[in-house]
Amino acid sequence: MEDHIDLYPEVKQELQEALRNNNEVAAARIREYLERQNNIPLKIGITGEVGSGKSTFVNAFRGMSDDEEGSAPTGVVETTTEVAEYHHPRYPNVILCDLPGIGTTKFPADKYLKHVGFDTFDFFIIVSATRFTENDVKLAKEIKKKGKNFYFIRSKIGIDLDNERRKRDFNEETTLLRIRENCVQGLRQQGCESPKVFLVSNFHLQLYDFSLLQETLEKDLPAHKRDVLLFASPTISPEVIHRRKKAFKVKMWLFTALSGVIAAVPVPGLSIGVDLGLLVSAATIYVVGFGLDPPSLKRLAAKSGVSYEDLRAVIMSPLAAVEITSDLIKKVTFQLSTMAGLMAAEEVSRFIPIIGIPLSMSFSAVTTYKLLKLFLDMLAEDALRVSERVLSVNPSL
Ligand SMILES: Nc1nc2c(ncn2[C@@H]2O[C@H](COP(=O)(O)OP(=O)(O)O)[C@@H](O)[C@H]2O)c(=O)[nH]1
Ligand SMILES: [Mg+2]
């Protein structure tokens, strides 16, 4: 079976135990787990010399324009040595910290890290628009010594390519290779072993190494933080949308189990009851996860130059670009219930053994499961269409 519960074994065991013994306890446990999943903190420190593109990266990562309200000011001379925290617009538990350049603070690396609050960070990104400096290396070594990960971003790649393009024998791949090798070599010479350098244009995250950086970060993070990064990352490719859909599928079983233990409420037109509140919660999580909520779409419109109306025009699901209310879910559920197979009984035996919920609860759970699967499919399709629309018109996400 392609869908499975990818929970930590002890969580799964605890849930199964609760499901067997007491519905209320089980429901509370599942809700608690879902809640915890939504609030896992992730704090990323962005550092580098003045003008390297730190603030622009902070905005780009959050999917924001540089001139949007709440964005980090860019192109300004750094005058403060304070840490500026920027919450992710869709996931406030994700914080990007625009750190002062170490040169601005005039601290040595160890004092600098103490000053910015080293312990609170999950990892660091060191940005440079040219070769990495002695300061960058000192900082990287200190971060490593203290046991955390750092990643080098070589920014403003578009400028380098534009400059090189003037030459007759220009070749993009060769140029990129040379920039990367220059950076790596420079870092090695300064005593930084096997440094990871990612070539990025903050104005075009979908080009060059940003997706590689995204994957590397996900791999390096502890398991429980991986999805946090995946959902907060900018949607730069269809691949990201597919990965999010997969991550949602894993959680779908939790909603399904939850629907099996809470009282099912009859929905007009549906012979089997489902819990509308649960469907509203799940649909909202999906919509936000794919960036299909009205505020996210408006932000994307402003950033990409494709109008909000044009983005809405490619959306087909009734759940995207609207506020998810109980009434809406009721309407959509009713519409979907007319589709063949929504409540086919043969599906019951297919998933019951996996989470181990008692059979008596299963009909409402199966209906919920099928509805969630339909929601997820529709929304992922919409997310793909929106991303395609944006990339076809203006390739700067
Ligand atoms: N072409 C290009 N310009 C960039 C890039 N990143 C930043 N900039 C520009 O470089 C200048 C400094 O960027 P900023 O983010 O303020 O640097 P900070 O001082 O490190 O925060 C601004 O004018 C940005 O628009 C990039 O990747 N490509
Ligand atoms: Mg700045």
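Small disclaimer: the values here were computed from a predicted structure and weren't measured.

Caption draft 1: Inspection of the layout of surface pockets at higher detail. Its boundaries defined by the atoms lining it, the second largest pocket holds a volume of some 630 Å³. Contributing to the lining of the second largest pocket are 31 residues, with Ser55, Thr56, Pro73, Thr74 and Gly75 lying nearest its centre. Breaking the lining of the second largest pocket down by element, the ones donating at least two residues are helix H3 (54–61), strand S2 (84–87) and helix H7 (157–165). Tallied by class, the residues present in the lining of the second largest pocket amount to 11 nonpolar, 14 polar and 6 charged.

Caption draft 2: Broad picture of the site of ligand 1. What surrounds ligand 1 is a group of 15 residues, the closest being Gly51, Ser55, Thr56, Gly75 and Asn202. Ser55 is positioned such that a nitrogen or oxygen atom in its side chain is 2.7 Å from an oxygen atom of ligand 1. In the environment of ligand 1, an oxygen atom lies 2.9 Å from a nitrogen or oxygen atom belonging to the side chain of Lys156. Out of a free accessible area of 580 Å², ligand 1 has 82% covered by protein chains. Applying the majority rule of atoms within 2 Å of the grid points places ligand 1 in the second largest pocket. If you tally residues by element for the shell around ligand 1, the top one is H3, at 3 residues.

Caption draft 3: Representation of the sheet that holds strand S6 (residues 197–199) within the structure. Pairing is mixed across the open sheet formed by 6 strands, whose spatial order is S2-S3-S1-S4-S5-S6. Two strands bound the open sheet, and with one partner strand each, they are S2 and S6. Averaged over all pairs of adjacent strands, the angle between their axes in this sheet comes to 25°, without regard to strand direction. Each of strand S1 (42–48), strand S3 (94–98) and strand S4 (123–128) is contacted by helix H10 (residues 223–232), which is oriented at about 65° to S1, the strand it contacts most.

Caption draft 4: Structural context of the packing of aromatic side chains. According to the stated counting rule, one finds 12 aromatic pairs in the structure shown. On the basis of an interplanar angle of 10° and a centroid distance of 5.5 Å, the ring pair of Phe118 and Phe124 is categorised as stacked. Grouping residues by exposure puts Phe118 and Phe124 together as buried. An aromatic cluster is defined as three or more aromatic residues linked by ring pairs; in this entry it consists of Phe231, Phe248, Tyr286 and Phe290.

Rules behind the numbers
- Counting of residues starts from 1 at the beginning of each chain's written sequence and follows it residue by residue.
- As a convention, the first chain written is A and the first ligand written is 1, with the rest following in written order.
- For a predicted model such as this one, the threshold for reporting local features is a pLDDT of at least 70, and the threshold for listing and counting side-chain atom pairs is 80 or more; totals across whole chains, interfaces and linings nevertheless cover every residue.
- As a rule here, side-chain values come from all non-hydrogen atoms in the structure, and water together with hydrogens is ignored.
- Each cavity reported here is a set of points on a 1 Å grid over the protein atoms alone in which a 1.4 Å probe fits but cannot get out, each pocket an open set with protein on both sides within 12 Å along at least five of seven lines, and each lining residue one with an atom within 4 Å of a point.
- Grid points are joined across faces, edges and corners, and a volume is the space filled by probe spheres set on the points.
- Numbered from the N terminus, helices here are DSSP runs of H or I no shorter than four residues, and strands are runs of E no shorter than two.
- Classification convention: Asp, Glu, Lys, Arg as charged; Ala, Val, Leu, Ile, Met, Phe, Trp, Tyr, Cys, Pro as nonpolar; all other residues, Gly among them, as polar.
- We call a residue near a molecule or strand when any one of its heavy atoms sits within 4 Å of it.
- Any pair of nitrogen or oxygen atoms within 3.5 Å is treated as a polar contact; in protein, a donor-acceptor pairing is required on top of that, and neighbouring residues in sequence qualify only through side-chain atoms on both sides.
- Surface exposure here means Shrake-Rupley accessible area, sampled with a 1.4 Å probe, where a residue is shielded only by the protein chains that are shown.
- Grid points define the cavity or pocket, and a molecule sits in it when more than half of its atoms lie within 2 Å of them.
- At least two DSSP bridges between two strands are needed for those strands to be called paired.
- Each axis is a line fitted through C-alpha atoms, taken for helices only over the stretch in contact, and angles between the N-to-C directions span 0 to 180 degrees.
- Here, two residues are considered to be in contact whenever any of their heavy atoms come within 4.5 Å of each other.
- Put simply, two rings from Phe, Tyr or Trp (the six-membered ring, in Trp's case) pair if the centres are within 6.5 Å, and we call them stacked under 30 degrees between planes, edge-to-face over 60, tilted for the rest.
- The rule is simple: take the accessible area with a 1.4 Å probe, protein chains only, and divide by the maximum for that residue type; under 20% is buried, over 50% is exposed, in between is partly exposed.

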